[in-house]
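# Observations on the three-dimensional arrangement
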Amino acid sequence: MALGLKIFRVRDRSMEPFLMDGDFALVRMNPKRVRKGDIVVLEDPRNSKKIIKRVERIREGGDCYVVGDNRQMSSDSRSFGPVPMEQIVGKLVLKI
Amino acid sequence: MTWNLANRLLERLDKIAHFDEVYAHCDYPCGIYDPHTAQMAAHTVIRMMDLIKEMQSKKGGGDAEMLEYQHNLVRATSIKEQHAEICKHELRVLWGDYFKKEHADAYPKLNELVFNGLKLASKAKQTTDVKTAEELLSTVEQIAEIFWKTKGVETKRVTAFYPTKREIVYPKV
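Below is a summary of the structure that appears in this document. (Residues numbered from 1 in each chain as written. Chains lettered and ligands numbered in written order. Predicted model: local features only at pLDDT ≥ 70, side-chain atom pairs only at ≥ 80, totals over all residues.)

Moving on to the overall build of chain B. A tally of regular secondary structure across chain B gives 6 helices and 3 strands. Reading the helices (α) and strands (β) of chain B from amino to carboxyl end gives α-β-α-α-α-α-α-β-β. When the 173 residues of chain B are sorted by exposure, 29% land in the buried category. For chain B, the share of sequence-separated contacts (at least 6 apart) that also reach a separation of at least 24 residues comes to 65%. (Helix = DSSP H or I, 4+ residues; strand = E, 2+ residues; numbered from the N terminus. Buried ≥ 20, exposed ≤ 12 C-beta atoms within 10 Å, placed from the backbone. Contact = placed C-beta atoms within 7 Å.)

This is the structure in structure tokens:
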């Protein structure tokens, strides 16, 4: 990791068609600011695995409601609820 | 440098450096759902109703025959009850855990089918009228077809290899 950037390999299909299984993602770690529409890396509230989702909205108090672009194949805030901002560990800068 | 080249370079790097993985994951804990069990349960309900009907025509007049008949009737009724409940359970799991709002939006009949399926399974416990069980099976089959459509998998209806000789939905794989 350099300049706070990190490369991840995307697995699974919940962010299709934007991110395909096997794509590489350049991610800024500990982002200063997260906005609606950003694709973020966060810790799954259920098992601490890192997952990648899109921020659909930010609630009052700063909790993020995240969903997969491929809604029919995604488990996200619709099942585990909004996540606190501290759990957002990175923000997608570039997909490769 | 083209994206294609960048990607190939990263592929090679990944083999050496093993980038961390980030999951665009689809489900947790397992994502293992299948409408097959609900269909099997509906077939079992039909089979028990068929057997109950068959018993009526075969029951003898003697004490031993009557005991045998009563025993078999109780068994068949009990199994019918259990499998109607299994069918309800399976429908609840599909509806509660697998199907999402997007599925219900894409297939407007889905919610009503599940609702009817649950009601028909309850009704099948209360009756020996095979029409109720056949309606239950038909409803479960339609749910099975929607289930596979949501996964982009085609289905086929075939006569099941069960003594019920009614239809069953299989994914075309």
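Let's shift gears to the interface of chain A and chain B. Facing 25 residues of chain A, the contacting portion of chain B comprises 19 residues. Every element with two or more residues in the side of chain A that touches chain B is listed here: β1 (5-11), β2 (24-29) and β4 (50-58) of chain A. Ranked by residues supplied to the side of chain A that touches chain B, first place goes to β1(A) with 5 residues. Across the side of chain A that touches chain B, the residue classes tally to 12 nonpolar, 5 polar and 8 charged. Bridge count for β1(A) against strand β1 (residues 20-23) of chain B is 4 bridges, and the pairing is parallel. Its bridge partner lying in β1(B), Arg9(A) is registered against Glu21(B). (Nonpolar A, V, L, I, M, F, W, Y, C, P; charged D, E, K, R; others polar. Pairing = 2+ DSSP bridges.)

Moving on: helix α2 (residues 36-58) of chain B. Residue and element names in this part refer to chain B. An ideal rise of 1.5 Å per residue puts 33 Å on 23 residues; α2 measures up with 33 Å between its terminal C-alpha atoms. All buried positions along α2 are accounted for by Ala38, Gln39, Ala41, Ala42, His43, Thr44, Val45, Ile46, Arg47, Met48 and Met49. Where α2 is buried, its residues touch α3 (63-98), α5 (110-126), α6 (130-150) and β3 (167-171). (Expected span 1.5 Å × (residues − 1).)

With that settled, the discussion passes to the nonpolar core. Nonpolar side chains in soluble globular proteins tend to be buried together. Residue and element names in this part refer to chain B. One finds Ala42, Val45, Cys87, Ala133, Leu136, Val140 and Ile143 to be the most contacted residues of the largest nonpolar core, which totals 29 residues. Elements with a contribution of two residues or more to this core: α2, α3, α5, α6 and β3. It is α6 that contributes the most residues to this core, 8 residues altogether. With near-sequence residues (within four places) excluded, Leu136 lies in contact with Ala42, Val45, Cys87, Gly117, Leu120, Ala121 and Ala124. (Core = buried A, V, L, I, M, F, W, Y, C linked by C-beta atoms within 7 Å.)

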